Amino acid sequence: MSLLLTSLLSSVTLTATAADKVLKVGVTSGPHAEVFEVVKTIFERNNPGYKIKIIEFNDYIQPDAALDAGELDANSYQHRPFLNAQIKARGYKLFGTGKTFIGPIAIYSKKFHQLADLPIAAKIGIPNDPANESRVLLLLQKHGVIKLRAGIDPLTGVNATPIDIVENPRKLRLIEIDAAQLPRTLDDLDASAVNADYAVKAGLNPQRDSLVVEDGASPYACLIAVREKDKDQVWLPRLVQAYQSDEVRKYIQSTFNGAVLAGW
């Protein structure tokens, strides 16, 4: 076989391999899934030979478990404090990069119109995962409802729990519930803290419907996660670039009306 023919056959083989490269990306249903459909279109348009298969999940635990197990190439649904907490608790070897969007967590109520209206010993539902539970406690502290002990820093993995509350003058009762179930508790509890993706699916808008909501300075911007061994893959910065595009920013702004915010 001639050297030229060998070279041509090698080129064909490489092209076929690249054409077959399918990146499996896990997302939670709702805004993360909707936005990633736009990212998928941009990424595939700009990177011939790659395809993205979006896999939806309905909770916050399985996407990291599937990624660590090698069932996904990446996921896009979590902020860094949550990822850090999962790595610490479960020993995952995962790497986060590229800010995506901020889904402001907010406190909602069907019974009261302001946080100050909540009665003594009000029952408030909060997420039962360490990162988002801490996030809600910090939000309550910011609005003067409780006070936490010094030293809480979610970005370094020091999350707050109810036992870290040192002042609770209104004797609020905080009830830990799976984040996905919190919208359903609004009929029974005085208030509940709901992540933006679950809020949007329940027809709630944090800017319009909440008692209090995080502002744009929140450190809880979501990211794209991969396994540590894949952090230098050539497709990863291209995926981040596709996400952090003007096209995606405009989609977020026009679709969600402030319920989620571009984080870059």
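In this convention, every chain numbers its residues from 1, walking through the sequence in written order. The predicted nature of this model means local features are confined to residues of pLDDT at least 70 and side-chain atom pairs, given and counted, to a pLDDT of 80 or more, with totals for whole chains, interfaces and linings taken over all residues. The side-chain values count all of the structure's non-hydrogen atoms but skip hydrogen atoms and water molecules.

**Q** So what's going on with the pattern of salt bridges? Which residues, and what values?
**A** For this analysis, a salt bridge means a side-chain nitrogen from Lys or Arg found within 4 Å of a carboxyl oxygen belonging to Asp or Glu. One pass over the structure, following the stated rule, counts eight salt bridges. Residues Arg 149 and Asp 164 are paired through a salt bridge, measuring 2.7 Å at the closest nitrogen-oxygen approach. With a gap of 15 residues between them, Arg 149 in the loop between strand S7 (147–148) and strand S8 (165–167) and Asp 164 in the loop between S7 and S8 connect regions that are remote in the sequence. Buried means the residue's accessible area, taken with a 1.4 Å probe over protein chains only, is under 20% of the maximum for its type, while exposed means over 50%, and partly exposed covers the values in between. You can call Asp 164 buried: its relative accessible area is 10%. The closest approach of N and O atoms between Arg 227 and Asp 230, which form a salt bridge, is 3.0 Å. A run of H or I in DSSP counts as a helix once it spans at least four residues, and a run of E counts as a strand once it spans at least two, with each numbered from the N terminus.

**Q** A description of the packing of aromatic side chains should follow, citing residues and the corresponding values.
**A** Here a Phe, Tyr or Trp ring, Trp counted by its six-membered ring, pairs with any other such ring whose centre lies within 6.5 Å, and the pair is stacked when the planes are under 30 degrees apart, edge-to-face when over 60, and tilted otherwise. As enumerated under the stated definition, the model contains eight aromatic pairs in all. With centroids separated by 6.0 Å and ring planes inclined at 90°, the aromatic side chains of Tyr 243 and Trp 264 adopt a geometry described as edge-to-face. Remark: Trp 264 occurs in the segment after strand S13 (261–262) and Tyr 243 occurs in helix H8 (residues 235–243); sequence separation between them is 21 residues. Using a relative accessible area of 1% as the deciding quantity, one classes Tyr 243 as buried. For Trp 264, a relative accessible area of 25% gives the class partly exposed. Through a chain of ring-to-ring contacts, three or more aromatic side chains come together here, namely Tyr 60, Tyr 77, Phe 82 and Tyr 198. Above the plane of the ring of Phe 95 lies Lys 231, whose end atom (NZ or CZ) is 5.6 Å from the centre. To sit over a ring, a charge needs its Lys NZ or Arg CZ within 6 Å of the ring centre and within 35 degrees of the ring normal.

**Q** Please give an account of the pairing of strand S3 (residues 74–79) that cites residues and values.
**A** Counting buried positions over the six residues of S3 gives six, a clear majority of the element. Paired strands, as defined in this entry, are two strands with at least two bridges between them according to DSSP. Pairing of strand S1 (residues 21–28) with S3, which is carried by three bridges, proceeds in the parallel orientation. Following the sheet pairing, Val 25 is matched in S3 by Ala 74.

**Q** Kindly report on the environment of Lys 171, identifying the contributing residues and their values.
**A** Following the sequence through the fold, Lys 171 ends up in the loop between S8 and strand S9 (173–177). Residue classification places Lys 171 among the exposed residues on the basis of a relative accessible area of 56%. Not counting residues within four places of it along the chain, the set of residues in contact with Lys 171 comprises Ile 120, Ala 121 and Ala 122. Contact between two residues is taken to exist if any of their heavy atoms lie within 4.5 Å; hydrogens are not considered.

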